[in-house]
Amino acid sequence: MKESSLLDIYESFRKGMDAFFTLPAIPKTLKPKRSSISSRIASALRPYFPASISIDTDLLGADILVWDETGPLLALFWSSSYLAKKRKLKAISFHEKEKTPLTLACSLFPERSHFLVYRIENGFIDYLHIDKNTFSEEVLRRCTIDEGRRNPDQLLLPLRAKKKRITP
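**Points about the nonpolar core**
And step 1. Counting 28 residues, the largest nonpolar core has Phe 13 and Ile 41 as its most contacted members.
And step 2. Of all elements in the fold, only α1 (6-22), α2 (34-45), β2 (62-68), β3 (71-79), β4 (102-107), β5 (114-121) and β6 (124-131) reach the threshold of two or more residues within this core.
And step 3. In this view, Phe 13 contacts Leu 45, Phe 49, Leu 74, Leu 76, Leu 104, Cys 106, Phe 115 and Val 117; residues no more than four positions away in its chain are not counted.
And step 4. In this structure, Ala 105, Tyr 118, Tyr 127 and Ile 145 belong to the second largest nonpolar core, which totals 17 residues.

**As for unusual backbone geometry**
And step 1. The backbone of Phe 109 sits at a positive phi, close to 45°, despite the residue not being glycine.
And step 2. On the secondary structure map, Phe 109 appears in the loop between β4 and β5.
And step 3. Under the relative-accessibility criterion, Phe 109 is labelled buried at 5%.
And step 4. We note that Asn 122 has phi near 45°; this positive angle belongs to a residue other than glycine.
And step 5. In this structure, Asn 122 sits in the loop between β5 and β6.
And step 6. Residue classification places Asn 122 among the exposed residues on the basis of a relative accessible area of 59%.

**A look at α2**
And step 1. The end-to-end C-alpha distance of α2, which contains twelve residues, comes to 17 Å, matching closely the 16 Å that a straight helix rising 1.5 Å per residue would cover.
And step 2. Residues of α2 that are buried include every one of Ile 37, Ser 38, Ile 41, Ala 42, Ala 44 and Leu 45, and no others. Take α2 and look down its axis: the buried residues cluster within an arc of 160°, on one side only.

**Quick notes on the layout of surface pockets**
And step 1. Of the pockets and cavities examined, the largest pocket occupies roughly 520 Å³.
And step 2. Together, 17 residues line the largest pocket, and Phe 20, Ala 25, Ile 26, Ile 37 and Pro 110 are the ones closest to its centre.
And step 3. Every element with two or more residues in the lining of the largest pocket is listed here: α1 and α2.
And step 4. When its residues are assigned to classes, the lining of the largest pocket shows twelve nonpolar, one polar and four charged.

**Examining the pairing of β6**
And step 1. Burial runs high along β6: six of the eight residues are buried.
And step 2. Summarising the sheet, β5 and β6 pair through eight bridges and their orientation is antiparallel. Within the sheet, the bridge partner assigned to Glu 121 lies in β6 and is Phe 124.
And step 3. Here β5 hands over to β6 after two residues, with Asn 122 in that stretch at a positive phi of 45°.
And step 4. Bridge analysis of β6 against strand β7 (residues 137-144) gives seven bridges, and the strand direction is antiparallel.

**Quick look at the confidence of the model for the protein**
Where the model shows low pLDDT, its predicted coordinates should not be examined in detail.
And step 1. Looking at the protein as a whole, its pLDDT mean stands at 83, while 85% of the residues score no less than 70.
And step 2. Confidence drops under pLDDT 50 across residues 154-161; counting only partners more than four residues distant or on other chains, this segment forms ten contacts.

**Let's talk about the environment of Asp 58**
And step 1. When you line up the elements, Asp 58 lands in strand β1 (residues 54-59).
And step 2. Linking Asp 58 and Ser 38, residues 20 residues apart in sequence, is a C-alpha distance of 8.3 Å.
And step 3. Once residues within four sequence positions are removed from consideration, Asp 58 is found in contact with Ser 35 and Asp 63.

**Some points on the packing of aromatic side chains**
And step 1. Evaluation of the coordinates by the stated rule reveals seven aromatic pairs.
And step 2. For the pair Phe 77 and Phe 94, a centre-to-centre distance of 5.6 Å together with 75° between the ring planes defines the contact as edge-to-face. Remark: Phe 94 occurs in helix α3 (residues 85-98) and Phe 77 occurs in strand β3; sequence separation between them is 17 residues. We note that Phe 77, like Phe 94, is buried.
And step 3. Among the aromatic residues, those joined into a ring-pair cluster are Phe 20, Phe 21, Phe 115 and Phe 135.

So, how was this worked out
Residues numbered from 1 in each chain as written. Predicted model: local features only at pLDDT ≥ 70, side-chain atom pairs only at ≥ 80, totals over all residues. Heavy atoms only, no water. Core = buried A, V, L, I, M, F, W, Y, C linked by side-chain atoms within 4.5 Å. Buried < 20%, exposed > 50% of the residue type's maximum accessible area, 1.4 Å probe, protein only. Helix = DSSP H or I, 4+ residues; strand = E, 2+ residues; numbered from the N terminus. Contact = heavy atoms within 4.5 Å. Expected span 1.5 Å × (residues − 1). Arc of directions from axis to C-beta. 1 Å grid on protein atoms, 1.4 Å probe; cavity = no way out; pocket = protein on both sides within 12 Å on 5 of 7 lines; lining within 4 Å. Points joined across faces, edges and corners; volume = space filled by probe spheres on them. Nonpolar A, V, L, I, M, F, W, Y, C, P; charged D, E, K, R; others polar. Pairing = 2+ DSSP bridges. pLDDT = per-residue confidence, 0-100. Phe/Tyr/Trp six-rings, centres within 6.5 Å; stacked < 30°, edge-to-face > 60°.

Structure below.
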């Protein structure tokens, strides 16, 4: 995929995720393991990359790694809910250590109509909401990788504070 650009890799990711979200949901009663969800995502991505590209799960610390003979092309980290600080920092470290052209960390939000993508490339982190039905993107924020490392907090969203219960 030498001749392919970051744009091609990202577009293949988008098409694969579109396919993933059209798969039937696994019932909560089955309590799927993390590795089975990673396998479903990898299987959905497979048709959108050339046959010469390999897609593996749990490789080099990434949940999903898309690679060829030259090395990693795309590293994907995911969570069902918001990414923990530790997980976000792991994605940033992976990106810098492995020199991956594109690293993505996703919050899948099974119950919502959108998912959140942290796109790490070219020295920046873009925070994107992607609608699961239309796949339209909304850029929420952009910062440098250094800024993302210094301040690894999640996006500041207007979430209601939980009330503490006072026990007598």
